[in-house]
Amino acid sequence: MKYQIKRLLWGVMLSILFGSFTFGASVFAIEESQQSQFTAPILVANTSFLNVRTGPGIQYTTLVTIVGGTELPVLGVARDRVWYQVSTIVGVGWVNVQFTLPRGDFTNVPFAQEPTSAPMEFDTLMAQTAQGDATGTVNFSSGLEWGISVVVGHPFRSNPALGAGSSGTIGATPDRIYIVYEAISAEGTTWYRIDDPTFGIGWVESGKVAFRPFACELSAVVFTASAAPGAGPDGSGSLTGEVRVNQGAEAYLLDARNEQFKVSLLDGSTGWVPSSVAAVRGDVFSNYCASGGSIVANASTTTTNGTTATGTTSTQPRFAGPRAVINTGFLNLRSGPGAQYSVVTTLAGGTEVPLIGVANDGVWYLVQGTFGRAWLNSEFVLFRGDGSRLPIIRDFSGSVFSAPVAVITNAVTLYASPNVGANVIGAVSGPAEASIVARTSNSTWVQISTSIGFGWVQVTSITLQGDTSLIPVVNG
């Protein structure tokens, strides 16, 4: 009996003991889950260098410049949900979320009180952002690439220094936009490395150049008068009159309605201006557009007077902007935004194409490739990059497909199968048209419907019309 009581007591003690361990582990798991749940979200700098500013906008001064990969705890967000208040090693500042990677839950991030600041002239703004909020990089995350043109003739330097050797004087180049391969701050100014067809690779001074849109696929506008972009008729502009754009400045044209233009400035900010103060710019030559956007710059190290300075490389990747990845086995790209339009090409799954516009319905997207321009249905793709600034395409030309037919000019022989050794069904004389019901996988034979029945003919003996992609493929 005493032995049974002892065993019972030991059982109770062990149950209590293991129960407390289990309970303790559960509490620890809950606490760990709560800590994970309430961890402050962070923004990770997603560019070589990122300017943290004293306020939510590029019109504010730079508080500190951080390197790519720096993690910034989030304290608050501006009303536009573009600029976030963050904590840095030198105090509280603001960053543009477009140049970061968000990590964590942003659901409970509060709106932060925004400091006030007088509007800044666009010329001053460009001087401060000559290296960009992605310092030394003109290929902003919006995908709307920018380059520079020389506006004041000056010595074309071999190194980024006023005392460096010069291969000659580079004149104003309004008819050419250069790719910026590198940007370096030295001797109180910013220097840009470019490739000139006359002088080769060298350096130009920031105060004697102007940033301009490449506008390879989209249109650019030139301001014919000073203007302050605002939120616009649909409220989509990120600017509300705080930045004044001077006459002669340029921007990307994103949309047009009610006699207003929606434009995108160098820093990626957008706004609407009256169409009377901006004119669509004509074509301007650039190696970037001529290459199809495939030119990529390499980082370089420059030595000047015994001092080595490593510049920030500005690459121009082919798919720098928003793009779509085909998310089905094969996808037909069409000549217009709808299934009723003819097929331009068919792309295999995994193919990546750049987006250059969107239809009013928000379903069909205009893309660019070696096939030219074509439309794809967004239901069959995965999106990459920031497509919020894609222009809405309202005017387009596309051909509505027609049923594929075979035009018979001369007499053709109909075979029972796609083989010249097969039984002959008969002959059909021209001129005539016949519906196509099938084709071989190599498209050398088609099966047609005629007055004497179905039969196979060689494609070389007829003329095909209509959307041939609609013809079903059969083995043969």
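Residues numbered from 1 in each chain as written. Predicted model: local features only at pLDDT ≥ 70, side-chain atom pairs only at ≥ 80, totals over all residues. Heavy atoms only, no water.

So, the pattern of salt bridges
Next, step 1: Counting across every chain of the model gives five salt bridges.
Next, step 2: In this structure, the salt-bridge partner of Glu 205 is Lys 208, at a minimum N-O distance of 3.6 Å.
Next, step 3: A relative accessible area of 11% places Glu 205 in the buried class.
Next, step 4: Glu 250 is paired through a salt bridge with Arg 281; the nearest N and O atoms lie 2.7 Å apart. Taken together, the residues Glu 250 in strand β18 (residues 250-257) and Arg 281 in the loop between β21 (278-280) and α3 (287-290) connect sequence positions 31 residues apart. Each member of the pair Glu 250 and Arg 281 is classed as buried.
Next, step 5: Put simply, Arg 212, Glu 250 and Arg 281 are held in one network by salt bridges that share partners. (Salt bridge = Lys/Arg side-chain N within 4 Å of Asp/Glu carboxyl O. Buried < 20%, exposed > 50% of the residue type's maximum accessible area, 1.4 Å probe, protein only. Helix = DSSP H or I, 4+ residues; strand = E, 2+ residues; numbered from the N terminus.)

Describing the environment of Ile 392
Next, step 1: Structurally, Ile 392 is set in the loop between β31 (381-384) and β32 (405-408).
Next, step 2: For Ile 392, a relative accessible area of 28% translates into the label partly exposed.
Next, step 3: For the pair Ile 392 and Ile 356, spaced 36 residues apart in sequence, the C-alpha separation works out to 9.3 Å.

Digging into unusual backbone geometry
Next, step 1: Following Gly 430, the chain continues to Pro 431 via a peptide bond in cis, the omega torsion being 0°.
Next, step 2: With respect to the helices, strands and loops of the structure, Pro 431 is situated in the loop between β34 (424-428) and β35 (432-440).
Next, step 3: One non-glycine residue, Asn 258, lies in positive phi territory at about 50°.
Next, step 4: As for its placement among the helices and strands, Asn 258 is situated in the loop between β18 and β19 (260-264).
Next, step 5: Although it is not a glycine, Glu 259 adopts a positive phi angle of roughly 60°.
Next, step 6: Along the chain, the position of Glu 259 falls in the loop between β18 and β19.
Next, step 7: Exposure remark for Glu 259: the relative accessible area of 68% places this residue in the exposed category.

Things to note about the sheet that holds β19
Next, step 1: The five strands lie next to each other as β20-β19-β18-β16-β21, forming an open sheet whose pairing is antiparallel. Of all strands in the sheet, those bounded by a partner on one side alone are β20 (270-274) and β21. Across the sheet, the axes of successive neighbouring strands diverge by a mean angle of 45°, strand direction being ignored. (Pairing = 2+ DSSP bridges. Axes fitted to C-alpha atoms, helices over the stretch in contact; angles between N-to-C directions.)

What about the packing of aromatic side chains?
Next, step 1: For the coordinates displayed, the defined rule picks out six aromatic pairs.
Next, step 2: Centroid distance Trp 146 to Tyr 252: 5.8 Å. Interplanar angle 80°. Geometry classified as edge-to-face. With Trp 146 in strand β9 (residues 146-150) and Tyr 252 in strand β18, this pair connects stretches of sequence that are 106 residues apart. The two residues Trp 146 and Tyr 252 agree in class, both being buried. (Phe/Tyr/Trp six-rings, centres within 6.5 Å; stacked < 30°, edge-to-face > 60°.)

Description of the pairing of strand β5 (residues 83-88)
Next, step 1: Counting buried positions along β5 yields five of six residues, so the element is predominantly enclosed.
Next, step 2: Across three bridges, strand β4 (residues 71-77) lies against β5 in antiparallel orientation. Bridged to Val 77 within β5 is Tyr 84.
Next, step 3: Counted along the chain from β4 to the antiparallel partner β5, the turn is five residues long, and its residue Arg 81 has a positive phi close to 60°.
Next, step 4: In this sheet, strand β6 (residues 91-96) lies alongside β5 in antiparallel orientation, the contact comprising six bridges. Bridging from a neighbouring strand, Tyr 84 pairs with Val 95 of β6.
Next, step 5: Adjacent in sequence and paired antiparallel, β5 and β6 are bridged by two residues.

Let's talk about a nonpolar patch on the surface
Next, step 1: A contiguous nonpolar surface patch, about 310 Å² in accessible area, is contributed by Leu 63, Ile 89 and Val 90.
Next, step 2: As for its position among the elements, Ile 89 is in the loop between β5 and β6. (Patch = residues over 30% accessible without salt bridge, like charges linked within 9 Å, V, L, I, M, F, W, Y side chains within 5 Å. Areas by Shrake-Rupley, 256 points an atom, 1.4 Å probe, with all protein chains shown as cover.)

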